[in-house]
Amino acid sequence: MPSNDARILLHAAVPTAAVGVIATVVSGVVAGGKGALGAVAGTLVVVLFMGIGLVVLQRTAKSLPHLFQAMGLLLYVAQLLLLFTFLFLFKDTTLFDFKAFAFTLLATTVVWVGAQARAYMKAKIMYVEPEKSGSKS
């Protein structure tokens with residue numbers, strides 16, 4: 001993974017994990033052990049889905065740059081649908097507290113998207129490949 005890609009992944013994952021830890025502590029205090037477990041599950045789902053999506057998006061940008069924007073939009077829609085699917089599948093679970101899971105899922109998703117947008121804005125990524133000096137066409 002090129003350094004810009006790894007940097008963007010790191011700059012999105014670290015704040016998301018921090019919010020996940022805070023959500024786990026708050027959920028543990030409010031809803032007990034099942035609340036903490038729900039918050040951990042929500043954090044893991046978001047980090048995995050968004051992380052995999054970012055890797056897929058970066059590979060698409062490298063191999064098919066003309067599809068980058070469309071792929072990005074499609075990927076975010078697919079990720080949101082998958083998150084809603086997880087909410088639907090686990091709404092009646094007794095494994096963990098559903099409210100803690102849902103609120104953590106929402107909070108960590110918002111933090112991931114915001115952190116990723118900030119990382120892209122601060123990254124110095126060339127969008128035009130400079131010509132090599134000394135090459136003749």
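Criteria and thresholds
- Residues numbered from 1 in each chain as written.
- Predicted model: local features only at pLDDT ≥ 70, side-chain atom pairs only at ≥ 80, totals over all residues.
- Heavy atoms only, no water.
- 1 Å grid on protein atoms, 1.4 Å probe; cavity = no way out; pocket = protein on both sides within 12 Å on 5 of 7 lines; lining within 4 Å.
- Points joined across faces, edges and corners; volume = space filled by probe spheres on them.
- Helix = DSSP H or I, 4+ residues; strand = E, 2+ residues; numbered from the N terminus.
- Nonpolar A, V, L, I, M, F, W, Y, C, P; charged D, E, K, R; others polar.
- Axes fitted to C-alpha atoms, helices over the stretch in contact; angles between N-to-C directions.
- Parallel < 35°, antiparallel > 145°, perpendicular 65-115°, else oblique.
- Left-handed = near helix turned anticlockwise from the far one by under 90°.
- Contact = heavy atoms within 4.5 Å.
- Expected span 1.5 Å × (residues − 1).
- Buried < 20%, exposed > 50% of the residue type's maximum accessible area, 1.4 Å probe, protein only.
- Arc of directions from axis to C-beta.
- Phe/Tyr/Trp six-rings, centres within 6.5 Å; stacked < 30°, edge-to-face > 60°.
- Core = buried A, V, L, I, M, F, W, Y, C linked by side-chain atoms within 4.5 Å.

A. Spotlight on empty space enclosed by the protein. Taken as a whole and judged by the stated rule, the model has one cavity of 30 Å³ or more. Volume-wise, the largest cavity comes out at about 30 Å³. What lines the largest cavity is simply M50, G53, L54, L57, L75, Y76, Q79, W112 and Q116. Among the elements of the structure, helix 1 (3-63), helix 2 (68-89) and helix 3 (98-122) are those that each provide at least two residues to the lining of the largest cavity. By residue number, the principal contributor to the lining of the largest cavity is helix 1, which donates four residues. Broken down by class, the residue content of the lining of the largest cavity amounts to six nonpolar, three polar and no charged.

B. Geometry of the packing of helix 2 against helix 3. Close contact between helix 2 and helix 3 brings their axes to 11 Å; oriented N to C, the two are set at 165°. Compared by their axis directions, helix 2 and helix 3 come out roughly antiparallel. Crossing of helix 2 against helix 3: the hand is right-handed. Residues Y76, L83, F86 and L87 of helix 2 form the contact with helix 3, whose participating residues are F98, F101, A102, L105, T109 and Q116. Of the residues that constitute the contact of helix 2 with helix 3, the class distribution is eight nonpolar, two polar and no charged.

C. Expanded view of helix 2. Look at helix 2: 31 Å from first C-alpha to last across 22 residues, which is about the 32 Å you get at 1.5 Å a residue. Residues of helix 2 that are buried: G72, L75, Q79 and L83. All buried residues of helix 2 lie within an arc of 70° about the axis, which places them on one face of the element. For helix 2, the exposed residues lying more than 90 degrees away from the buried face are L73, L74, L81, F84, F88 and L89.

D. Main features of the layout of surface pockets. The computed volume of the second largest pocket comes to approximately 160 Å³. In terms of lining, the second largest pocket is formed by L57, F68, Q69, G72, Y76, V113, Q116, A117 and Y120. Put simply, the parts of the chain that give the lining of the second largest pocket at least two residues each are helix 2 and helix 3. Within the lining of the second largest pocket, the residues separate by chemical class into six nonpolar, three polar and no charged.

E. Inspection of the packing of aromatic side chains at higher detail. Enumeration over the complete set of coordinates arrives at six aromatic pairs. Seen in terms of ring centroids, F90 and F96 are 5.7 Å apart; in terms of plane orientation they differ by 45°. Their pairing is tilted. Of the residues examined, F90 reaches a relative accessible area of 24% and is grouped as partly exposed. Note on F96: relative accessible area 9%, which makes it buried. On the numbers, 5.9 Å between centres and 70° between planes, the contact of F90 with F101 is edge-to-face.

F. A look at the nonpolar core. Ranked by internal contacts, the top residues of the largest apolar core, which has 13 residues, are V45, V46, M50, L83, F101, L105 and W112. Taken together, the elements giving at least two residues each to this core come down to helix 1 and helix 3. Counting residues per element, this core draws most heavily on helix 1, at six residues. Excluding residues that lie within four positions of it along the chain, F101 makes contacts with G38, A39, A41, G42, V45, F86, L87, F90 and F96.

These values are about where atoms sit, not about what they do.
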